[in-house]
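Summary of the model geometry
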Amino acid sequence: MKDTNIVGFANPEEINDSDEDSEINNIKKKVCKKSGGFQSMALSFPLLKGILRRGYKIPTPIQRKTIPLALEGRDIVAMARTGSGKTACFLIPLFEKLKTRQAKAGARALILSPTRELALQTLKFIKELGKFTDLKAAVILGGDSMENQFSAIHGNPDILVATPGRFLHICIEMDLQLNNIEYVVFDEADRLFEMGFGEQITEITNRLPESRQTLLFSATLPKLLVDFAKAGLTDPVLLRLDVESKIPEQLTLSFIVCRSEEKLAVLLCLLKNIIKSDSQTVIFAATQHHVEYIHQILEKAGISNTYIYSNLDPSARKINAAKFHTSKVRVLIVTDVAARGLDIPQLDNVINFNFPAKSKLFVHRVGRCARAGRAGTAYNIISPDEYAYLLDLHLFLGRPLSIVPSFGSIENTDGIVGKMPQAMIEEELAELINWHSCSTDLTSMEKVCDNAYKQYIRSRPAPSSESIKRVKELHISEAGVIPEYSDVSLSTTNLLSKIVNYRPQGTIFEIGAKASSIDYQVMKKKRTLHKENIINFHRKADKVEAKKITEDLPKKVYLPPSTTDEINEAFNTVVLPKKRNLDDLYKPKKKKRSVIRDENFFIPYNAPDKHTEEGLAVNSFNTEADKVQMDLTADNEESQRFQAQIKKWDRKKKKMVTVNSERKVNKIRTESGVWIPASYKSNRYTSWKEKSKVDATNDDDSEEEPSQMQKLQTTANTHWARHNQKLKEKIKRNIELKRPEQILKARKLLEQRRKRNGRKNRKGQKNSRRKH
């Protein structure tokens with residue numbers, strides 16, 4: 001591993017400070033030349049030194065696009081996956097904007113993270129990247145002592161990394177003014193809103209100044225986040241470099257049509273007969289109850305599997321994910337919500353047990369396999385209530401919907417819609433019925449799943465009305481068997497087809513009868529008499545079947561081509577394509593008049609953002625965000641109730657908007673109109689100030705004291721100036737609150753002075769007596 005060099009990274013052990021300085025000096029000389037590294041971004045010397053020390057050489061695609069826009073001061077909404085280098089995307093412009101420490105100003109940058117781990121990771125990255133800058137950073141997390149966080153904010157850090165809940169608590173407790181914040185980052189913004197920090201984030205943004213620069217990073221873009229970006233960001237730029245919008249070429253699609261009762265049987269057929277035993281498979285289900293039910297069924301079938309859903313304990317989630325990553329189990333059952341953040345690089349198959357309601361969600365699911373040039377397959381089990389969503393998907397992808405005919409064959413098998421052989425399904429159904437009759441747990445889980453699916457259908461978005469109309473005309477339920485699966489089940493189907501199509505040679509009088517019986521002898525004579533007629537009848541039947549097949553096939557008729565004379569006789573005017581003259585190719589082209597315009601002094605007729613304001617811009621943020629947004633349906637009852645919202649008419653927007661239906665119990669309303677928990681104002685800050693004897697005004701002026709003392713020292717040259725300075729210091733000492741140790745020390749000093757004064761007085765009295 002030591003000899004391997006990672007592309008875009010240097011070996012940190014081999015980098016020396018002298019080498020860095022010489023390299024950066026060479027960079028500064030060549031900064032005007034175009035290069036693909038961080039050197040071409042015209043960054044400051046300490047920041048470039050930190051980037052090189054960190055090991056970065058070549059920026060990632062998201063960094064190459066985001067950093068220059070952020071340095072220009074634009075608001076950005078970037079969709080990036082974990083591991084794409086998004087942390088450097090917002091930290092490099094941050095360091096470049098703040099540059100040097102300003103202790104009096106306080107916090108000038110705020111980074112909000114959804115979890116403690118992510119916030120600590122960001123703080124570590126700030127220390128590494130800003131090693132050669134004098135900027136100070138502090139972290140504010142839930143679960144840590146608030147007293148330490150009060151003292152950290154009193155130290156006036158330049159950068160604050162925080163989780164939204166605790167940061168808002170600190171802001172309300174301390175009456176913290178955020179007027180100096182210039183740069184705000186929402187890291188993993190979709191997770192911030194998913195975890196229920198919406199109220200806290202809106203309250204924090206209302207406290208921030210309007211002139212701030214905002215950067216928002218997210219893996220997905222739900223509607224709630226789009227609305228927040230429209231309201232909180234000014235003319236944002238949407239970057240979508242690391243998000244796959246199309247299905248990979250190496251991915252094979254298979255759509256299996258069946259009844260809703262047969263879905264489990266089809267799933268077992270896929271895992272037992274079609275999917276290889278050593279390949280990794282992820283199954284997507286609608287709710288957490290479906291996940292648990294499928295897990296129990298697969299355990300009965302002897303298929304090693306594990307599961308993850310949103311309400312599962314975090315430690316259990318880690319254990320189950322690790323089992324799948326280390327290939328201890330080959331099947332993972334998940335919901336859409338739980339699948340967020342899962343990165344499985346060597347995934348072979350994806351099975352959609354419940355077909356996704358949104359086409360973007362389908363791309364999000366199946367895009368997890370067939371990565372980095374690997375091949376993969378996406379199996380989709382579709383019931384009649386999901387046919388319209390299937391049609392919506394094909395319209396979204398721009399693919400033709402090819403249904404397997406009930407008779408005949410189909411050439412292209414990729415992405416075809418068909419059935420699985422009924423014999424295979426019946427075999428698994430019989431086994432499932434047997435398991436359910438023997439186990440009460442499975443029957444109760446089946447009922448729970450049915451009820452959960454009814455709730456899921458209510459929250460599921462409806463398909464397009466056009467697709468619902470067209471599905472009735474297509475007759476998808478009459479599709480034939482997919483050829484790929486008919487080959488697999490050949491052994492079972494051949495036996496059953498032979499049994500169904502079996503025609504015995506003899507009649508009922510011949511089979512089982514003795515040779516000496518009268519019935520047998522009569523039928524044998526009759527068969528020998530009509531033998532030729534029977535053979536002729538079978539020949540005619542075969543010819544009729546062959547004729548039907550040839551009639552069904554499209555007939556190709558040879559048509560002789562028409563001559564030019566015949567065409568001229570039929571048509572009076574014939575329009576032909578314009579022929580290019582060879583002389584025109586060599587003629588000198590007329591030069592277009594170049595208009596020279598000085599942008600500094602040119603005043604346009606219209607404002608530059610006129611079309612955007614009127615809603616006529618083609619590539620505006622609103623249009624781009626509408627294409628990207630994707631909402632995930634909840635996987636349990638609590639989150640489904642949380643998603644269910646009351647709609648009311650908004651007079652300003654002139655449309656129906658959603659409002660949370662939660663009761664405002666134990667909540668207080670802030671100045672901005674946001675409801676927050678009442679426990680945020682607990683007066684802990686005032687008690688901390690009394691304990692630590694900290695005055696806000698003294699802390700603010702603490703950084704200025706050295707400079708003021710230097711001024712006094714330079715001006716205090718005369719005797720009276722020095723005398724006045726001593727008096728001021730004496731008054732200041734008396735005014736200041738003293739600690740118990742300081743008071744004891746002062747008392748000791750007073751006692752020592754009194755003793756000295758007493759000795760002097762005695763000596764003076766003795767000397768006066770001697771003189772007298």
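Residues numbered from 1 in each chain as written. Predicted model: local features only at pLDDT ≥ 70, side-chain atom pairs only at ≥ 80, totals over all residues. Heavy atoms only, no water.

Here we look at the overall build of the protein chain
Let me state the cut-off plainly: Secondary structure counts use DSSP, requiring at least four H or I residues in a row for a helix and at least two E residues in a row for a strand, with both numbered from the N terminus. The rule is simple: take the accessible area with a 1.4 Å probe, protein chains only, and divide by the maximum for that residue type; under 20% is buried, over 50% is exposed, in between is partly exposed. Residues are treated as being in contact if the distance between any of their heavy atoms lies within 4.5 Å. Each accessible area is a Shrake-Rupley result for a 1.4 Å probe, and residues are judged covered by the shown protein chains and nothing else.
Broken down by element type, the protein chain carries 32 helices and 18 strands. The buried share of the protein chain, taken over its 772 residues, is 37%. Expressed as a percentage of contacts within the protein chain between residues at least 6 apart in sequence, the contacts between residues at least 24 apart total 75%. As presented, the protein chain carries roughly 49,900 Å² of accessible surface, and 53% of it is formed by carbon and sulfur atoms.

Side note on unusual backbone geometry
Phi is positive for Lys-99, which is not a glycine, with a value near 60°. Mapped onto the elements of the fold, Lys-99 is located in the loop between helix H4 (86-98) and strand E2 (109-112). Look at Lys-99 and you get partly exposed, because its relative accessible area is 47%. Here the phi dihedral of Asp-235 falls at roughly 50°; this positive angle occurs in a residue that is not glycine. Topologically, Asp-235 is positioned in the loop between helix H10 (223-232) and strand E7 (237-239). A relative accessible area of 54% means that Asp-235 is categorised as exposed.

A short note on the packing of aromatic side chains
We apply this condition: Only the six-membered ring of Trp is used, alongside the rings of Phe and Tyr, when aromatic pairs are assigned; centres must lie within 6.5 Å, and planes under 30 degrees apart are stacked while those over 60 apart are edge-to-face, with the rest tilted. Charge over a ring is defined by NZ of Lys or CZ of Arg lying within 6 Å of the ring centre and within 35 degrees of the ring normal.
Per the counting criterion, the structure on display carries 11 aromatic pairs. On the basis of an interplanar angle of 50° and a centroid distance of 5.6 Å, the ring pair of Phe-150 and Trp-688 is categorised as tilted. Of the two residues, Phe-150 sits in helix H6 (residues 146-154) while Trp-688 sits in helix H28 (residues 684-692), which places them 538 residues apart along the sequence. Residues Phe-150 and Trp-688 agree in their burial class; the two are buried. A network of ring pairs unites the aromatic residues Phe-150, Tyr-685 and Trp-688 as a single cluster. The ring of Phe-132 is capped by Lys-49, whose NZ or CZ atom sits 4.7 Å from the centre of that ring. The lysine or arginine in question, Lys-263, covers the ring of Phe-353, its NZ or CZ lying 5.7 Å from the ring centre.

What about the sheet that holds E7?
Applicable threshold: Here the rule is simple: two strands pair whenever DSSP picks up at least two bridges between them. A fitted line through C-alpha atoms serves as each axis, taken over the contacting stretch for helices, and the angle formed by two N-to-C directions is quoted from 0 to 180°.
One open sheet holds the 7 strands; their spatial order is E3-E4-E2-E5-E6-E1-E7, and the pairing between them is parallel. The sheet terminates laterally at strand E3 (137-140) and E7, the two strands that pair on one side only. Going across the sheet, the axis of each strand differs from the next one's by a mean of 15°, ignoring polarity. Inspection of the sheet shows strand E1 (residues 76-79) paired to E7 by 3 bridges, in the parallel sense. By the bridge assignment for E7, Val-77 is matched with Leu-238. Along the sheet face, helix H5 (residues 116-129) touches E2, E3 and strand E4 (159-162) and points at about 175° away from the line of E3. Helix-sheet contacts for H10 involve E1, strand E5 (183-186) and strand E6 (213-218), and the interaxial angle to E6 is about 170°.

So, the pattern of salt bridges
Worth spelling out the cut-off: Counted as salt bridges are all cases of a side-chain nitrogen of Lys or Arg within 4 Å of a carboxyl oxygen of Asp or Glu.
For the structure shown, the criterion picks out 14 salt bridges. In this structure, Arg-116 and Asp-144 form a salt bridge, with 3.2 Å as the shortest nitrogen-oxygen distance. A residue pair is termed long-range when its members are at least 10 positions apart, and Arg-116 in helix H5 and Asp-144 in the loop between E3 and H6 qualify at 28 residues. Since its relative accessible area comes to 34%, Arg-116 is described here as partly exposed.

Let's talk about the nonpolar core
Rules: For the purposes of this section, nonpolar cores are sets of buried Ala, Val, Leu, Ile, Met, Phe, Trp, Tyr and Cys residues that join through side-chain atoms within 4.5 Å.
Of all hydrophobic cores here, the largest spans 42 residues; its most connected members are Val-77, Leu-110, Phe-167, Phe-186 and Leu-221. What Leu-110 contacts, discounting residues up to four positions off in sequence, is Leu-160, Phe-167, Ile-181, Tyr-183, Val-184, Val-185, Ile-204 and Leu-208. Ranked by size, the runner-up nonpolar core spans 41 residues in total, among them Val-266, Ile-303, Leu-429 and Trp-435.

Regarding the pairing of strand E12 (residues 349-352)
Side chains of E12 alternate between two faces, with Asn-349 and Ile-351 and Val-350 and Asn-352 buried alike. Bridge count between strand E9 (residues 281-284) and E12: 4 bridges; the pairing is parallel. Residue pairing across strands places Phe-284 opposite Asn-352, the latter belonging to E12. In the sheet, E12 pairs with strand E13 (residues 376-382) via 4 bridges, with the strands oriented parallel. Bridge assignment links Val-350 to a residue of E13, and that residue is Ala-378.

A short note on helix H12 (residues 288-301)
Rule in force here: Every helix has an expected span of 1.5 Å times one less than the residues it contains.
If you check H12, its first and last C-alpha atoms are 20 Å apart, about what 14 residues at 1.5 Å a residue would give, namely 20 Å. Every buried residue of H12 is accounted for by Gln-288, His-289, His-290, Val-291, Tyr-293, Ile-294, His-295, Ile-297 and Leu-298. At the exit of H12 stands Gly-302, carrying a positive phi of roughly 80°.

Focus: the confidence of the model for the protein chain
Filter applied, for reference: What pLDDT conveys is the predictor's confidence in a given residue, as a value from 0 to 100.
Per-residue pLDDT for the protein chain has a mean of 77; in total, 72% of the residues score no lower than 70. Counted against residues more than four places away or in other chains, residues 12-16, with its pLDDT under 50, gives 5 contacts. Contacts of residues 553-558 to residues separated by more than four positions or lying in other chains number 0 contacts, the stretch itself having pLDDT below 50.

Comments concerning the sheet that holds strand E11 (residues 331-334)
The sheet built from 7 strands is open, its strands ordered E10-E11-E9-E12-E13-E8-E14 with parallel pairing. Two strands bound the open sheet, and with one partner strand each, they are strand E10 (305-308) and strand E14 (417-418). With 7 bridges connecting them, strand E8 (residues 251-257) and E13 associate as parallel partners. The residue of E13 that forms the bridge with Ser-254 is Tyr-379. Packed onto the sheet, helix H13 (residues 314-325) meets E9, E10 and E11 and runs at close to 140° relative to E10. Where helix H14 (residues 359-366) meets the sheet, its contacts fall on E8, E9, E12 and E13, and the angle it forms with E12 comes to roughly 145°.

Let's talk about H13
Formally: This arc is built from the directions going out from the helix axis to the C-beta atoms.
Here H13 contains 12 residues, and its C-alpha end-to-end distance of 16 Å stays within 8% of the 16 Å for a straight helix at 1.5 Å per residue. Of the residues making up H13, those classed as buried are Asn-320, Ala-321 and Phe-324. Down the axis of H13, the buried set is contained in an arc of 100°. They therefore lie on one face. Buried residues along H13 sit in contact with E9, E10 and E11.

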